[in-house]
Amino acid sequence: MTQFYAQPYDMSATGFYFEDAATYKAKINSIRNSYGEPVEEFEIQFINGELIDVQVCKALGLYQSNIISIMEKLEEWSDSAKAHIIIAVSECGYDFDIEHDDPETYFDITIYQAENFKDLAYEFVEEGLFGDIPEHLEHYIDYDAIARDLSMDYGEATIDGCNIIYRCH
């Protein structure tokens, strides 16, 4: 279960932990400062949860205005959709509206799960991206050179402990 904390900007008030929208809604309007006045502004902090969810929240930013939508979407989105958001927003600089956009189709990015560029080079050769290579010439392919070339057009990131190679279009 993902846990958040609402930290009041008012130093004389105490915040609260929450794990769902119902708890957040119930407590957000009941917080008072030491003078008995209502507290209106909070910093939303990610406290505990899956690593990939931490990365999504960091990419999108946690605010009072979007916390309920983010909590809903974290339950709804697949890990693949979350990876698309992290790469597109954090690495490629895309904007993303969580209310209207489908992360896997919205962004013009390509993502590969590969440990390094050399592994991706092997994958590309096996898939035939360099055409049909006769068997007697396969041992002469310079995968290190292909990997260096790929590193010029592709980026690399770690998401949820897995290495991702991506390309922003």
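Residues numbered from 1 in each chain as written. Predicted model: local features only at pLDDT ≥ 70, side-chain atom pairs only at ≥ 80, totals over all residues. Heavy atoms only, no water.

1. Considerations on the packing of helix H1 (residues 21–28) against helix H3 (residues 67–76)
Phase 1 of the analysis: Between H1 and H3, the shortest axis-to-axis distance is 10 Å and the interhelical angle comes to 165 degrees. The pairing of H1 with H3 is recorded here as roughly antiparallel in orientation. Where H1 crosses over H3, the handedness of that crossing is right-handed. Contact residues: H1 offers Ala21, Tyr24 and Lys25, while H3 offers Ile67, Ile68 and Met71.
Phase 2 of the analysis: Grouping the amino acids of the contact of H1 with H3 by side-chain chemistry returns five nonpolar, no polar and one charged. (Axes fitted to C-alpha atoms, helices over the stretch in contact; angles between N-to-C directions. Helix = DSSP H or I, 4+ residues; strand = E, 2+ residues; numbered from the N terminus. Parallel < 35°, antiparallel > 145°, perpendicular 65-115°, else oblique. Left-handed = near helix turned anticlockwise from the far one by under 90°. Contact = heavy atoms within 4.5 Å. Nonpolar A, V, L, I, M, F, W, Y, C, P; charged D, E, K, R; others polar.)

2. Topic: the packing of aromatic side chains
Phase 1 of the analysis: This model, assessed by the stated rule, comprises 16 aromatic pairs.
Phase 2 of the analysis: Plain terms: the ring middles of Phe16 and Phe18 are 5.6 Å apart, the flat faces sit at 45 degrees to each other, and that makes the pair tilted.
Phase 3 of the analysis: Since its relative accessible area comes to 5%, Phe16 is described here as buried.
Phase 4 of the analysis: Considering the side-chain rings of Phe96 and Phe107, the 5.2 Å spacing of their centres and the 45 degrees angle between planes classify their relative orientation as tilted. Highlighted residues: Phe96 in the loop between helix H4 (79–91) and helix H5 (103–106) and Phe107 in the loop between H5 and strand E4 (109–113), separated in sequence by eleven residues. As far as the burial class goes, Phe96 and Phe107 line up, both buried.
Phase 5 of the analysis: Among the aromatic residues, ring-to-ring pairing joins Phe4, Phe16, Phe18, Tyr24, Phe42 and Phe46 into one connected group.
Phase 6 of the analysis: In this arrangement the basic side chain of Arg167 is found over the ring face of Tyr154, its NZ or CZ atom lying 5.4 Å from the centre. (Phe/Tyr/Trp six-rings, centres within 6.5 Å; stacked < 30°, edge-to-face > 60°. Buried < 20%, exposed > 50% of the residue type's maximum accessible area, 1.4 Å probe, protein only. Lys NZ or Arg CZ within 6 Å of the ring centre and 35° of its normal.)

3. Observations regarding helix H6 (residues 117–127)
Phase 1 of the analysis: Every buried residue of H6 is accounted for by Phe117, Leu120, Ala121, Phe124 and Val125. Projected down its long axis, H6 carries its buried residues within an arc of 140 degrees, all on one side. Exposed side chains of H6 directed beyond 90 degrees from the buried face belong to Glu126 and Glu127.
Phase 2 of the analysis: A distance of 3.1 Å separates the backbone nitrogen of Lys118 from a side-chain oxygen at the start of H6, and that oxygen is part of Asn116.
Phase 3 of the analysis: Gly128 lies just past H6 and shows a positive phi near 85 degrees. (Arc of directions from axis to C-beta. Polar contact = N/O pair within 3.5 Å; in protein donor to acceptor, adjacent residues only side chain to side chain.)

Worth remembering: the numbers are spatial, not functional.
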